[in-house]
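Single-letter residue listing:
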Amino acid sequence: MMTRIIKFLLGLQEPQQRAQALAFERSRQTTTAVRKSMDDVVRSLDCGDTVSVFELPDRRVNISRKMLFRHAALLGTTGGGKTMAAMSLLIAALDQALDASVLSGKPLGVEITVIDIKDDVHRFKQRIAAIFRAASAAKQDVMRSAFHVIQWKSSGITLLPLLVPRSGLSIEYVAEHKADIVVQTSPSDWSDSLRFLLFQVFRLLLHHDFGFDGPTVILILTDEAFRLSLTKTVPADLAEFFSRLLQLMAPQTIAAFIRRVLIFCAYREVAASICPPWTIARDLHLPTGAPIVLADCGSRSLLPPNVALAAANGLITELLLTARSRKPGVPLITYIEEALYLLSLLPALRQRVLDALRLLRSSDSHVWFSAQSFDGFPRPAVAEILNNIGWMVAFQSRSDVAEVLFPQMLASPGDPRSKTDRKDDFAAQLASLPPQEAVLWVKPEPAIRVRSVDVPSPSATTGISEAELEDIFDRELTPRSTVSLDRAESLMAEWRATHLPQAPKGKQNDAAQASLRSLLGLGDPS
């Protein structure tokens, strides 16, 4: 009787024991399956020449450089680690290219442009200065010729006219882009009449290799004799417009236009670097063709915010224009810090970039979009970016980024939770990732959880301060790119003395001309 009772009780427990055993086996099989898939992903990324800036708990994740030479998105909230990861990838690619160039005697095998509207260029400078300090004399020589530094500091400014004429592009095409850059970034409103006048002024300036210089523009618009002298060698429609300017435009409109030009050129640094004729920069033999470009358009620069945005806009537009004639072979990576914020502020630029992504890819030019999230960015624009990127890494990120990545994640076949529960859990994990931890998705592989490797600060590796490292960079790698503010102003004064009349060429009795000069407080030229 006792035996039967024991068997009965054991029989009651058997289903429970079976369930526990089955659950254990399923969890063991799931772990094995996920681990196998993870191994497959890591193995597929490691082919040929690689960089290693991410890791798993038990190994490094080696990623082929060819896979990195594609459009990309680097996402994450402030402090999550996206800028450090981007910097590690770019510095690794640069350092390998420098070593290869020293050994082969050939030019760098990669081109890199960093456009920063935040304040991270100084970090790149510190890392590059640490490399320079430890480099051989031959490598240092290569580095000195490799950089074009675009900055506006008390130690020196870069002459950077907003777009320059180039073969294959009409003056009208360049003028349209220049006008668009000024209008998009101006703190003032531009009516259709003002914008059309801006376009026509840029056409006239480009035909004569003049800059967007306040005194030059004022003289053109207020000195009829000088203005007419400039119409002799320009297209007929442009000559007709400026010959009849005061009949076509009210004096009040011209005066409002001049005020906007003067606002744009008000800062000394702007008047001396952005506004001069492009020929001044050309004659200084600045390293505009250097393979590595660092552009500091952030709040550390001496430019006012709207002009710093115009400079960033001009650099990105220049990238799009040069891609038309760029020969593939040497990959170009353009890293844009806070790219989606910048493109949100400048919708016309955003559309130009999105339209050009396929063209850029065919010319071996690749844009890395850095942003905190996709939130607030138009959905069609997000879709266009996602369709064109080759890889994406997300550090601590918001739910909109989780929406993109969740379908790409490796899933455990035995996970009993619903898709909604798994998705919510993934979004919560992504929103609370510790610094340096991220989700990496390299198409066409599934996305995997990684961690960016620890990189000691350049101060720790060199034993010198961050300020000293920046001084090394500015002293060794910047001088070819910049001139002093006084020197830039002197060059501009010399140009005006050579190309502009020093006084109006004759009495101008036209009533409209007199009204315009009166509005501007210029008085009677006689």
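One can find the structure itself at the top, above this paragraph.
Residues numbered from 1 in each chain as written. Predicted model: local features only at pLDDT ≥ 70, side-chain atom pairs only at ≥ 80, totals over all residues. Heavy atoms only, no water.

Student: Tell me about the overall build of the protein chain, residues and numbers included.
Tutor: Each helix and strand counted, the protein chain has 24 helices and 13 strands in total. A total of 526 residues make up the protein chain; the buried ones form 51% of that total. Taking as baseline every contact in the protein chain between residues at least 6 positions apart, the subset at least 24 positions apart corresponds to 76%. (Helix = DSSP H or I, 4+ residues; strand = E, 2+ residues; numbered from the N terminus. Buried < 20%, exposed > 50% of the residue type's maximum accessible area, 1.4 Å probe, protein only. Contact = heavy atoms within 4.5 Å.)

Student: Can you explain the sheet that holds strand E5 (residues 147-150)? Please cite residues and give values.
Tutor: Strand pairing in a sheet takes place through backbone hydrogen bonds and is either antiparallel or parallel in direction. Taken together, 11 strands build an open sheet; the order of strands is E2-E1-E13-E12-E11-E3-E10-E9-E4-E8-E5 and the sheet is mixed. A single partner strand is all that each edge strand has here, and the edge strands are strand E2 (59-64) and E5. Strand-to-strand twist of the sheet, defined as the mean angle between neighbouring strand axes without regard to direction, takes the value 25°. Bridge analysis of strand E4 (residues 111-116) against strand E8 (residues 292-296) gives five bridges, and the strand direction is parallel. Paired with Thr113 across the strands is Val293, a residue of E8. Packed on one face of the sheet, helix H3 (residues 82-104) meets strand E1 (50-56), strand E3 (72-75), E4, E5, E8, strand E9 (332-337), strand E10 (365-371) and strand E11 (391-394) and runs near 150° to E1. Each of E4, E5, E8 and E9 is contacted by helix H4 (residues 121-134), which is oriented at about 140° to E8, the strand it contacts most. (Pairing = 2+ DSSP bridges. Axes fitted to C-alpha atoms, helices over the stretch in contact; angles between N-to-C directions.)

Student: Can you explain the pattern of salt bridges? Please cite residues and give values.
Tutor: Summed over the entire model, instances satisfying the criterion amount to 35 salt bridges. Taking the shortest distance from any N to any O, the salt bridge between Arg282 and Asp283 comes out at 3.0 Å. Of the charged contacts, one joins Arg417 and Asp415 as a salt bridge, the two residues approaching to 2.9 Å between their closest N and O atoms. Overlapping salt bridges, with partners in common, bring together Lys118, Asp120, Arg123, Glu337 and Glu338 in one network. (Salt bridge = Lys/Arg side-chain N within 4 Å of Asp/Glu carboxyl O.)

Student: Account for the layout of surface pockets, with residues named and values stated.
Tutor: For the largest pocket, the calculated volume is near 870 Å³. Forming the walls of the largest pocket are 31 residues, and the residues nearest its centre are His148, Arg166, Thr288, Glu318 and Thr322. Taken together, the elements giving at least two residues each to the lining of the largest pocket come down to E4, E5, helix H14 (278-283), helix H15 (305-322) and E9. Looking at the lining of the largest pocket, the element that brings in the most residues is H15, giving six residues. Counted by class, the lining of the largest pocket contains 18 nonpolar, eight polar and five charged residues. The space that makes up the second largest pocket amounts to roughly 470 Å³. Residue lining of the second largest pocket: 20 residues in total, with Met409, Leu410, Ala411, Arg417 and Phe426 positioned closest to the centre. Secondary-structure elements contributing two or more residues to the lining of the second largest pocket are helix H1 (2-45), helix H20 (419-431) and strand E13 (448-452). By residue class, the composition of the lining of the second largest pocket is 13 nonpolar, two polar and five charged. (1 Å grid on protein atoms, 1.4 Å probe; cavity = no way out; pocket = protein on both sides within 12 Å on 5 of 7 lines; lining within 4 Å. Points joined across faces, edges and corners; volume = space filled by probe spheres on them. Nonpolar A, V, L, I, M, F, W, Y, C, P; charged D, E, K, R; others polar.)

Student: Kindly report on the packing of helix H7 (residues 192-207) against helix H10 (residues 236-243), identifying the contributing residues and their values.
Tutor: Between H7 and H10, the least distance of the axes is 11 Å, while the angle of their chain directions is 115°. As for the relative orientation of H7 and H10, their crossing is left-handed in sense. Two secondary-structure elements touch here, H7 through Phe196, Leu197, Gln200, Val201, Arg203, Leu204 and His207 and H10 through Asp237, Leu238, Phe241 and Phe242. Class assignment for the residues of the contact of H7 with H10 results in seven nonpolar, two polar and two charged. (Left-handed = near helix turned anticlockwise from the far one by under 90°.)

Student: Account for the nonpolar core, with residues named and values stated.
Tutor: Within the largest apolar cluster, 115 residues are counted, with the highest numbers of intra-cluster contacts made by Phe257, Phe264 and Met392. In this view, Met392 contacts Ala73, Leu75, Phe374, Leu386, Val401, Val404, Leu405, Val439, Leu440 and Trp441; residues no more than four positions away in its chain are not counted. Membership of the second largest hydrophobic core comes to 56 residues, among which are Met38, Leu68, Val114 and Tyr335. (Core = buried A, V, L, I, M, F, W, Y, C linked by side-chain atoms within 4.5 Å.)

Student: Tell me what's going on with the packing of aromatic side chains, and back it up with residues and numbers.
Tutor: In this structure the tally under the stated criterion is 10 aromatic pairs. Ring centres of Phe124 and Tyr335 lie 6.3 Å apart, and the angle between their planes is 50°; this geometry places the pair in the tilted category. Here Phe124, found in helix H4, pairs with Tyr335, found in strand E9; they are 211 residues apart in sequence, far enough to count as distant. Each member of the pair, Phe124 as well as Tyr335, is classed as buried. With 5.8 Å between their ring centres and 80° between their planes, Phe147 and Phe473 make a pair best called edge-to-face. Remark: Phe473 occurs in helix H22 (residues 466-476) and Phe147 occurs in strand E5; sequence separation between them is 326 residues. Using a relative accessible area of 0% as the deciding quantity, one classes Phe147 as buried. Among the aromatic side chains, those forming a connected cluster through ring pairs are Phe196, Phe241 and Phe242. Lying over the aromatic face of Trp278, Arg282 brings its terminal NZ or CZ to 5.2 Å of the ring centre. (Phe/Tyr/Trp six-rings, centres within 6.5 Å; stacked < 30°, edge-to-face > 60°. Lys NZ or Arg CZ within 6 Å of the ring centre and 35° of its normal.)

Student: An account of the side chain of Ser481 is requested, with residue identities and associated values reported.
Tutor: You can see Ser481 is positioned in the loop between H22 and helix H23 (485-499). With a relative accessible area of 0%, Ser481 lands in the buried category. For Ser481, the residues in contact, after removing those within four places along its chain, are Phe147, His148, Val149, Ile157, Thr158, Leu286 and Pro287.

Structural measurements only, silent on function.
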